[in-house]
Amino acid sequence: MLKHQNSAIGAQTRRARPFSRLGLPAALFLVGWALASCANLGPAGFSEPTLRVGVSPDYPPVIFERDGEIVGIEADFAHRLGRDLHRPIEFVEIPFPDLLDALEAGEIDVVMSGLSNTPDRASRVQFIEPYMEIGQLALIRNRDIGRFGRIQEIRRPDTRVGFQRGTTGERYVASSLTRAASFAFDSVEDGLRSLRADRIDYFIHDAPTVWRIAGDVENRDLHGLYRPLTTEQISWAVRQGDPQLATVLNATLAYWKREGFIDPIVQRWIPVPITLR
C-alpha cells in the first residue's frame, strides 16, 4: 500500500490465519527444489516452515477482507507462492503503519500488502523486484468532468483537494499541489463523503483505489482521471538479514513474469488497463 511507516507495533490487533499446504505444480518441481535448498528447507518432503505473510487487509482490491476471508491481488499471490514453494501460508493481520516494524522484529517473514517501494522504506527492508507500477490518480464528481477533465486543471490555486492521511497521496499533495486548499481524511470513505457533499473538488489516492471506486456501478456519480500524477512501484518486502528468502522470492517472481502468471491475477481484481512490470 502507498502509506508511510512510522508507528509502533500494535501487536494486540493482530490475527493469524492459516492456509493449508498445496502441491507444487509439476512444471516448477525442479525450480522449487532448488529454491527450497537455497533457503535451507527440507530437500525431499518439502516439510518447510510456515511462511508468515504480513498483511493489512483494508486496501481493496489489493488486499482486503470479504466474508471473513482475506482476498485480493496479494492474497492470490500468497496462495500461489505457497503452492509453488510447498510452504504453508499464514496471513498475519497487522495495521499498515506497523508492518515494517513487525518484519524487522521477526514476527513475519514477508510483507505482501500493496507496499510501494520508497527510499525511506528501502533503508529498512529488502524489496523484491516490483510486480506492478502504479501512481496517484484524481477522483472527481461526474458533473465536474467539464471543469477538471484536463489534469492540469487540478493544479489551479482555487481548488480544494482531499487525501488520506499517511499515504503517498498526502506526500504528493504536500509537494505538488501547494496552491490548493488541502484536507486530510482518516479514510477513503470519509474523503468520498466530502467529495459528494461538495466540500472538496477532488480526492487524490493511488491507482488501484481509484480504479475500484470509479469502476463500481454504484459510484456512477464519480469519475476517475486516469492520467498518473506520480510513478510508484509495488513490491514485497523481506528483512535485510534474510537474503535467502529474497533470492527465493525474486526467482519465483521472475518465473511468474516469464510464464505470464501475474497479469491474469491483477486483471481479475482490476479490470482496467494498467502498466505491469
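Provided above is the structure to which this section pertains.
Residues numbered from 1 in each chain as written. Predicted model: local features only at pLDDT ≥ 70, side-chain atom pairs only at ≥ 80, totals over all residues. Heavy atoms only, no water.

1. Some points on the overall build of the chain
Part 1 of the reasoning: Check the secondary structure of the chain and you find 10 helices and 16 strands.
Part 2 of the reasoning: A separation of at least 24 residues holds for 75% of the contacts in the chain among residues at least 6 apart in sequence.
Part 3 of the reasoning: Of the roughly 12100 Å² of accessible surface on the chain, a fraction of 51% belongs to carbon and sulfur atoms. (Helix = DSSP H or I, 4+ residues; strand = E, 2+ residues; numbered from the N terminus. Contact = heavy atoms within 4.5 Å. Areas by Shrake-Rupley, 256 points an atom, 1.4 Å probe, with all protein chains shown as cover.)

2. Digging into the nonpolar core
Part 1 of the reasoning: Counting 52 residues, the largest nonpolar core has I73, F77, Y131, L139 and W236 as its most contacted members.
Part 2 of the reasoning: Counting residues per element, this core draws most heavily on helix α9 (residues 243–259), at 7 residues.
Part 3 of the reasoning: With near-sequence residues (within four places) excluded, L139 lies in contact with L192, L195, Y202, F203, V210, I213, A214, L222, H223 and G224. (Core = buried A, V, L, I, M, F, W, Y, C linked by side-chain atoms within 4.5 Å. Buried < 20%, exposed > 50% of the residue type's maximum accessible area, 1.4 Å probe, protein only.)

3. What about the packing of helix α2 (residues 73–85) against helix α10 (residues 262–269)?
Part 1 of the reasoning: Contact geometry for α2 and α10: axes closest at 9 Å, N-to-C directions at 145°. Between α2 and α10 lies a crossing whose hand is right-handed. For the pair formed by α2 and α10, the contact residues are I73, D76 and F77 on the first element and I262, I265, V266, R268 and W269 on the second.
Part 2 of the reasoning: Taken together, the residues of the contact of α2 with α10 break down into 6 nonpolar, no polar and 2 charged. (Axes fitted to C-alpha atoms, helices over the stretch in contact; angles between N-to-C directions. Left-handed = near helix turned anticlockwise from the far one by under 90°. Nonpolar A, V, L, I, M, F, W, Y, C, P; charged D, E, K, R; others polar.)

4. As for the pairing of strand β12 (residues 181–185)
Part 1 of the reasoning: The pairing of strand β11 (residues 160–164) with β12 spans 5 bridges and is classified as parallel. Directly across from G162, in β12, lies its bridge partner F183.
Part 2 of the reasoning: Taken together, β11, helix α6 (residues 168–176) and β12 form a β-α-β motif whose crossover is right-handed. (Pairing = 2+ DSSP bridges. Right-handed = clockwise from strand over helix to strand, strands pointing away.)

5. Things to note about the sheet that holds β11
Part 1 of the reasoning: The 5 strands lie next to each other as β12-β11-β13-β10-β14, forming an open sheet whose pairing is mixed. Strands with a single pairing partner mark the edges of an open sheet, and in this sheet they are β12 and β14 (222–225). Between one strand and the next, the sheet's axes are offset by a mean angle of 30°, whatever the strand orientation.
Part 2 of the reasoning: Pairing between strand β10 (residues 136–141) and β14: 4 bridges, direction antiparallel. What sits directly across from I140, in β14, is H223.

6. As for the environment of R80
Part 1 of the reasoning: Its place among the elements puts R80 in helix α2.
Part 2 of the reasoning: The exposure class of R80 is buried, given its relative accessible area of 16%.
Part 3 of the reasoning: Counting along the chain gives 176 residues from R80 to W256, while the straight-line C-alpha distance between them is 10.0 Å.
Part 4 of the reasoning: Discounting residues that sit within four places of it in the chain, R80 has contacts with W256 and F261.

7. Describing helix α8 (residues 207–215)
Part 1 of the reasoning: Burial analysis of α8 places 7 of its 9 residues in the buried class, the great majority of the element.
Part 2 of the reasoning: Every buried residue of α8 is listed here: A207, P208, T209, V210, W211, I213 and A214.
Part 3 of the reasoning: Residues of α8 that are buried in the fold lie against β3 (58–59), β9 (132–134), β10, α7 (188–196), β13 (202–206) and β14.

8. Digging into the packing of α2 against α9
Part 1 of the reasoning: One can describe the packing of α2 onto α9 by two numbers: an axis separation of 12 Å at closest approach and a directional angle of 105°. Classified by the angle between their axes, α2 and α9 sit roughly perpendicular to one another. Counting all contacts with α2, which are made through F77, R80, L81, D84 and L85, the residues of α9 involved are V248, L249, T252 and W256.
Part 2 of the reasoning: The residue inventory of the contact of α2 with α9, partitioned by class, reads 6 nonpolar, 1 polar and 2 charged. (Parallel < 35°, antiparallel > 145°, perpendicular 65-115°, else oblique.)

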